[in-house]
Amino acid sequence: MTDSILEFIKTFLMLFFELLALFIVVSFIVSFIQQVVSEEKIKTFLNRPNKAVNYILGTFFGAITPFCSCSTIPVLAGLLNAKVPFGPSMSFLIASPLMNPVMIFMLWALLGWKIALVYFIVLSIFSILVGLLFSNLNLAETYKGVIVKGDGFFSNKQESRVKQALNDAWAFLYPMLPYLFIGVFIGAFIYGFVPAAFITKYASGDGIFSVMVASVIGIPMYIRPETMLPIAEALVSKGMSMGTVIALVIGGAGASIPEVVMLSKLFKRKFLVAFISVILIVAIGTGLIVNSMF
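Residues numbered from 1 in each chain as written. Predicted model: local features only at pLDDT ≥ 70, side-chain atom pairs only at ≥ 80, totals over all residues. Heavy atoms only, no water.

*Asks:* What is the right way to look at the overall build of the protein chain in this model?
*Replies:* Regarding its fold elements, the protein chain presents 14 helices and 0 strands. The linear arrangement of helices and strands in the protein chain, starting from the amino end, is α-α-α-α-α-α-α-α-α-α-α-α-α-α. Within the span of the protein chain, comprising 294 residues, buried residues form 51% of the whole. Within the protein chain, counting contacts between residues at least 6 apart in sequence, those at least 24 apart form 81% of the total. (Helix = DSSP H or I, 4+ residues; strand = E, 2+ residues; numbered from the N terminus. Buried < 20%, exposed > 50% of the residue type's maximum accessible area, 1.4 Å probe, protein only. Contact = heavy atoms within 4.5 Å.)

Right under this line is the structure:
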């Protein structure tokens, strides 16, 4: 019991301060880019006459950004506030944590290039389809219009871009802190008190049930890809199927509890239900495809 408590405290502190730093850095970068690149240019880049191209670009933008699920939130808010089309922004939300260069490279290194290639292709298709689906469901109406920019400790519109970016980063982080705290607390609690044996016991096969269980288990775990993928390699070596491991990774990296809690600050409940449902479908679908091919 003592070990579990110590593991919980360690995980909570590590995740909280890591995400705190990521939020500040990413929000700073978003604000700085918004000062250098006009909102009109961003809108033009992701709002081409050919709508299909917009979803591809949104997915591509997500794939080249090395963000985890939580650090995509300030970027997403920046895109929506810049009036970037909702559908391509949703493709970015799905692609960014699941297809970033770190994820693909580690999949390649640990599970092989074939797994990495199939994973990339399948997730690209899913990201585009999710963007289209969310747009057609009119989920843009669920966005609360949270403003990234605002007054903070460094408020001075006449100051340098760096100070203005620091101000904007604080203005976005401050109202998010309670959500960040609650989400990390829940994630760290589950991570510290749910034994690893539970995962392998209920998600060790290669059938649809095991893939579904792995997808559901992955969400509350919230293990960053850099940590999860080495664990995934170990699970594969102990007999867990590739697809089941992939489903576990997608569940954990695509819809972590901290991310969902923070999304609740930006969107209404209808969006959250749709988002979690889609991540589960993506995790299960990708896992079954990988199992059928390998």
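*Asks:* Sorry if this is basic, but what is going on with the side chain of Ser-215 here?
*Replies:* Its location among the elements puts Ser-215 in helix α10 (residues 208-221). On the accessibility criterion, Ser-215 (0% relative accessible area) is buried. In terms of polar contacts, Ser-215 uses its side chain to reach the backbone carbonyl oxygen of Val-211, at 2.8 Å. Residue contacts for Ser-215: discarding those within four places in its chain leaves Ala-247, Gly-251, Leu-280, Ala-283 and Ile-284. (Polar contact = N/O pair within 3.5 Å; in protein donor to acceptor, adjacent residues only side chain to side chain.)

*Asks:* Before we go on, may I ask you to explain the packing of aromatic side chains in this structure?
*Replies:* Any two aromatic rings considered together are summarised by their centre-to-centre distance and by the angle between their planes. Summed over all chains, the structure comprises 10 aromatic pairs. Between Phe-134 and Phe-271, the ring centres sit 5.6 Å apart and the planes meet at 75°, which makes this aromatic pair edge-to-face. Here Phe-134, found in helix α7 (residues 113-136), pairs with Phe-271, found in helix α14 (residues 269-293); they are 137 residues apart in sequence, far enough to count as distant. The pair Phe-134 / Phe-271 is uniform in exposure class, with both members buried. The structure contains a cluster of three or more aromatic residues connected by ring pairs, namely Phe-86, Phe-134, Tyr-143, Phe-267, Phe-271 and Phe-275. (Phe/Tyr/Trp six-rings, centres within 6.5 Å; stacked < 30°, edge-to-face > 60°.)

*Asks:* So what exactly am I meant to see when it comes to helix α13 (residues 257-266) here?
*Replies:* Helical geometry note: an α-helix holds 3.6 residues per turn, so side chains three or four residues apart project in the same direction. Among the 10 residues in α13, 8 count as buried, and that is most of the element. Among all positions of α13, only Ile-257, Pro-258, Glu-259, Val-260, Val-261, Met-262, Leu-263 and Leu-266 are buried.

*Asks:* What should I look at first to understand the environment of Thr-142 in this one?
*Replies:* Examined against the element boundaries, Thr-142 turns out to sit in the loop between α7 and α8 (161-193). With relative accessibility at 5%, the residue Thr-142 sits in the buried group. For the pair Thr-142 and Phe-271, spaced 129 residues apart in sequence, the C-alpha separation works out to 6.3 Å. Those residues in contact with Thr-142 that sit more than four places away from it in its chain are Leu-266, Phe-267, Lys-268, Lys-270 and Phe-271.

*Asks:* Would you take a moment to explain α7 for this structure?
*Replies:* With 24 residues, α7 ought to run about 34 Å at 1.5 Å a step, and its terminal C-alpha atoms sit 35 Å apart, in line with that. Among all positions of α7, only Ile-115, Ala-116, Val-118, Tyr-119, Val-122, Leu-123, Ser-124, Phe-126, Ser-127, Val-130, Gly-131 and Phe-134 are buried. Positive phi appears at Asn-138, one or two residues downstream of α7, with a value of about 60°. (Expected span 1.5 Å × (residues − 1).)

*Asks:* So what exactly am I meant to see when it comes to the environment of Thr-244 here?
*Replies:* Take Thr-244: it is sitting in helix α12 (residues 242-254). Separated by 30 residues in sequence, Thr-244 and Ala-214 have C-alpha atoms that sit 6.2 Å apart.

*Asks:* Is there a simple way to explain a nonpolar patch on the surface in this structure?
*Replies:* On the surface, a nonpolar cluster with roughly 790 Å² of combined accessible area is contributed by Trp-108, Trp-113, Leu-117, Phe-120, Ile-121, Ile-125, Leu-129 and Leu-132. Element by element, the count of residues in the nonpolar patch is highest for α7, at 7 residues. Checked against the element boundaries, Ile-125 lands in helix α7. (Patch = residues over 30% accessible without salt bridge, like charges linked within 9 Å, V, L, I, M, F, W, Y side chains within 5 Å. Areas by Shrake-Rupley, 256 points an atom, 1.4 Å probe, with all protein chains shown as cover. Salt bridge = Lys/Arg side-chain N within 4 Å of Asp/Glu carboxyl O.)

*Asks:* Would you explain the environment of Leu-133 in this entry?
*Replies:* Mapped onto the elements, Leu-133 comes out in helix α7. Its relative accessible area of 38% is what places Leu-133 among the partly exposed residues. A sequence separation of 46 residues divides Leu-133 from Gly-87, and the C-alpha atoms of the two residues are 7.9 Å apart.

*Asks:* What is the right way to look at the packing of α7 against α14 in this model?
*Replies:* Each pair of packed helices can be described by the angle between their axes along with the distance between the axes. As a packed pair, α7 and α14 sit with axes 10 Å apart at the nearest point and diverge in direction by 150°. Put simply, α7 runs roughly antiparallel to α14. Seen from above, α7 lies across α14 with right-handed handedness. Contacts between α7 and α14 involve Ile-115, Val-118, Tyr-119, Val-122, Leu-123, Phe-126, Val-130, Leu-133 and Phe-134 on the former and, on the latter, Phe-271, Ala-274, Phe-275, Val-278, Val-282, Gly-285, Thr-286, Ile-289, Val-290 and Met-293. Taken together, the residues of the contact of α7 with α14 sort by class into 17 nonpolar, 2 polar and no charged. (Axes fitted to C-alpha atoms, helices over the stretch in contact; angles between N-to-C directions. Parallel < 35°, antiparallel > 145°, perpendicular 65-115°, else oblique. Left-handed = near helix turned anticlockwise from the far one by under 90°. Nonpolar A, V, L, I, M, F, W, Y, C, P; charged D, E, K, R; others polar.)

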